[in-house]
Amino acid sequence: MSGEYVISDMPLSVGMFRRKVEAFLAENGLRLEPVDRYVVLTREGSDEILAGGGLMGDIIQCLAVSESLRGEGLMGRLVSHLLTLAAEAGHQNVKVFTKPENEAIFTDLGFRLVGKAPKALLMENGRGLQDYGSYLSERRMEGRSGVIVMNADPMTLGHLYLIEQAAAQVDTLYVIVLGGDRSRFPARSRFNLVQGTCYRLDNVTVLEGRDYCISPATFPSYFLKNLDEVAEQQMRLDLDVFGRHVAPALRAWIRFVGSEPLDPMTARYNALMREVLGGYDMEVREIPRLEMGGRPVSASAVRALLDAGKWREAALFCPDRAPWYLIGDVACAALRAELDAPCKPGMVCPDSAGSHDDMDYGTMLRSIEALRPWLIRLGALGREHTAVWASDLVRYGQDAERDMLRATGGVNTHRGALFALGLMAVAAGKELKEEGVLLPERLSQQIGSLADDLSAQEGVVDRETHGTAAVKRYAVKGAMDMARGGYRELFEDWLPFWQSVKTEEYGLQKTLLRIIMTLDDTCVIHRAGFHRAQELKAEAAALLADFSLEKLKEMNDRMVSERVSPGGSADMLALTVYADLLINT
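Within each chain, residues carry numbers counting from 1 in the order of the written sequence. Two thresholds apply to this predicted model, a pLDDT of at least 70 for residue-level local features and 80 or more for giving and counting side-chain atom pairs, whereas whole-chain, interface and lining totals are computed over all residues. Hydrogens are left out, water is left out, and the side-chain values use all remaining heavy atoms of the structure.

K.L.:
What should I look at first to understand the overall build of the protein in this one?
P.N.:
Helices and strands together make up the secondary structure of the protein, namely 23 helices and 14 strands. For a compact globule the rule gives 2.2 Å times the number of residues to the power 0.38, and the radius of gyration it is set against comes from C-alpha atoms. The C-alpha atoms of the protein give 27 Å as radius of gyration, which agrees with the globular expectation for 585 residues (25 Å, within 12%). Along the three orthogonal principal directions, the C-alpha set of the protein runs to about 75 × 70 × 45 Å. Between buried and exposed lies partly exposed: a residue is buried under 20% and exposed over 50% of the maximum accessible area for its type, with that area taken using a 1.4 Å probe on protein chains only. Across the 585 residues in the protein, those meeting the buried criterion constitute 54%. The long-range fraction of contacts in the protein, counting pairs at least 24 apart against all pairs at least 6 apart in sequence, stands at 70%. Neither His nor the chain ends contribute to the count of charged residues, in which Lys and Arg are positive and Asp and Glu negative. A charge is said to be at NZ when it belongs to Lys, at CZ for Arg, at CG for Asp and at CD for Glu. Of the side-chain charges in the protein, 66 are positive and 81 negative, and the distance between the mean point of each set is 2 Å. Going along the chain from the N terminus, every DSSP run of H or I of four or more residues is numbered as a helix, and every run of E of two or more is numbered as a strand. It only takes one pair of heavy atoms within 4.5 Å for two residues to be counted as in contact.

Printed below as a string of structure tokens:
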């Protein structure tokens, strides 16, 4: 509370409050963008929003004050409160993207200019830019140097070709990898892949982009009235920061860029690069893109192949270290395949929440995207260590679960799937490094060995869940038991069955029935009891023997009415699809 004013959190997950904030921002010429937290300032005893602002990580955005109250110091109070919240979340260097006319306001609040475009500014209140400049200067080499800035999402042979061609033209080439984790592949994974690929090039230094190479994902647009201006202002601002701070710190005055024959947005960026950096006396050199099969090699094409689960085909367009990152990413294709299959008895589907009150299709999608970076890390973990440390698996799993729960508002959507697919990702990474191929028998053995190591970690086996309670009471196999057995049922039964029906229209649903009829699903046991779980296994077997869509819908209706959800079976369906993608694509 501050005088007659109150500052409070506004829960945007509640539709009524979200619409209220959207209306307030619209009145002030702004749009609501994704934020981790939004706070509003009101008069005591009133719910009318007088000012509001949000935090997205370490960025203040969607900040507005009612026109009639501007000049009364409300902006300062609100920003001070947001800075306190940011500090509590561990952010000591806070940034804001804003309009040029607000520069004086934020300067008075302790912010300093980082970069500018005609209709956008980036300002910050800490030492971030100073520290980044020191980081760059400490890695500066003597001689004629150039720079490439890339997202590498993921790194392709096209990126490597660009680096090799540019490195041949300078004494030192700096390759700056964009920071932030809003790309498909997390920043640390992208950096590691680029650095690991470039180690053979003596005059190439790979650097972090941190927060000072601005990507479309990190540039907010809430303060620009015309959405057509967003990309233009983002690109100009990014190039201004580069010319104003990054290039001088490295004493590099050549910026290399690949030609762009396909994407108009990237082509426009290349054109703006000459205009903006020319103002800083920088030379821009464009290198023709690498082509394979008559088409330019692109990260977007690789991502499209990954969406289709074709990781081996995607790997053909990537450096030799890439497969370890790709096998983790393709786990998400398996999770999406399971989620997108309609009419799964009791389960969330594209058009139904099944037996669930606390999750729906959108919740599950957010969960999968939250897990993607961790599954990628787990796949790479199998390559990075000659002996994978179980403590790393525990730590990665805990961090992944934290992000999943944050994305779903505390709902356990994929805890079981994270355990199973994460373990398989690590096992596949280890096996790929040790043997160069992925064979069912070897993959099963790797999983069993990793699970043995994992079960020896303190607190892992003893963790109390609904599943462990069912295991203790009914002496059925739990998640850890199945993993320690190398998922024998999967490799001996479910995977061969899936491979025999996967070209059929309802192959996924039939495979789910096969799993339900053979698995002691602790999710079903918890919800319906052990006796009803055995009945459902018999029902699944009967339906599979005489399958029809009408009978599948009837089973779904029964399970929804009973609020029964075979979540463990769905996890095993995703794991089965994942095993097939790893081994056969």
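K.L.:
Please clarify how the sheet that holds strand β1 (residues 5–9) should be interpreted in this entry.
P.N.:
The pairing of strands in a sheet happens through backbone hydrogen bonds and is either parallel or antiparallel. When DSSP locates at least two bridges between a pair of strands, those strands are taken to pair. In spatial order, the strands read β1-β2-β3-β4-β5-β7-β6; together these 7 strands make up an open sheet with mixed pairing. Sheet topology places β1 and β6 (112–117) at the edges, where each strand pairs with a single neighbour. For this sheet, the mean angle separating the axes of adjacent strands, direction not counted, is 20°. Note: strand β2 (residues 37–43) against strand β3 (residues 51–56), 5 bridges, orientation antiparallel. Here an angle of 0 to 180 degrees is reported between the N-to-C directions of two axes, which are lines fitted to C-alpha atoms, with helices fitted over the stretch in contact.

K.L.:
Any chance you could explain the environment of A427 here in plain terms?
P.N.:
Structurally, the position occupied by A427 is in helix α14 (residues 415–435). Sequence-wise, A427 and S449 are 22 residues apart; in three dimensions their C-alpha atoms are separated by 8.9 Å. For A427, the residues in contact, after removing those within four places along its chain, are L443, Q446, I447 and L450.

K.L.:
What is the right way to read the pattern of salt bridges from this model?
P.N.:
Pairing of side chains with opposite charge becomes possible as their charged atoms draw close. A carboxyl oxygen of Asp or Glu within 4 Å of a side-chain nitrogen of Lys or Arg is what we treat as a salt bridge. Counted under the stated rule, the structure contains 46 salt bridges. Across the pair R402 and D399 runs a salt bridge whose closest N-O atoms are separated by 3.5 Å. Placement of both R402 and D399 in helix α13 (residues 390–408) is noted, with a separation of 3 residues, approximately one turn of the helix. Through salt bridges that share partners, R184, D307, D329, E369 and R372 make up one connected network.

K.L.:
Could you clarify how one ought to interpret unusual backbone geometry in this entry?
P.N.:
Cis geometry marks the peptide bond from D153 to P154, where omega comes out at 0°. Here P154 lies in the loop between β8 (145–150) and α5 (157–167). Phi angles above zero are rare outside glycine, and R210 is one such case at about 50°. Here the phi dihedral of R251 falls at roughly 55°; this positive angle occurs in a residue that is not glycine.

K.L.:
Looking at this model, I keep getting lost on the packing of helix α12 (residues 361–384) against α14. Mind explaining?
P.N.:
When two helices pack together, their arrangement is given by the angle between the helix axes and the distance between those axes. Running from N to C, α12 and α14 point in directions that differ by 30°, and their axes come no closer than 6 Å. Put simply, α12 runs roughly parallel to α14. By crossing handedness, the relation of α12 to α14 is classed as right-handed. Contact residues: L371, L375, L378, G379, L381, G382 and R383 in α12; L418, L421, G422, A425, V426, G429, K430 and K433 in α14. In terms of residue class, the contact of α12 with α14 is built from 8 nonpolar, 4 polar and 3 charged. An angle below 35 degrees is treated as roughly parallel, one above 145 as roughly antiparallel, one from 65 to 115 as roughly perpendicular, and anything else as oblique. Rotating anticlockwise by less than a right angle from the far helix to the near helix defines a left-handed crossing, while the corresponding clockwise rotation defines a right-handed one. Put simply, Ala, Val, Leu, Ile, Met, Phe, Trp, Tyr, Cys and Pro go in the nonpolar bin, Asp, Glu, Lys and Arg in the charged bin, and everything else, Gly too, in the polar bin.

K.L.:
Sorry, what's going on with helix α22 (residues 549–561) here?
P.N.:
At 3.6 residues per turn, the α-helix brings residues three or four places apart onto the same side. A helix is expected to span 1.5 Å for every residue after the first. Here α22 spans 18 Å end to end across 13 residues, near enough to the 18 Å set by a 1.5 Å rise per residue. At its buried positions, α22 is contacted by α19 (507–518) and α21 (530–545). After α22 finishes, the residue R563 shows a positive phi value of roughly 60°.

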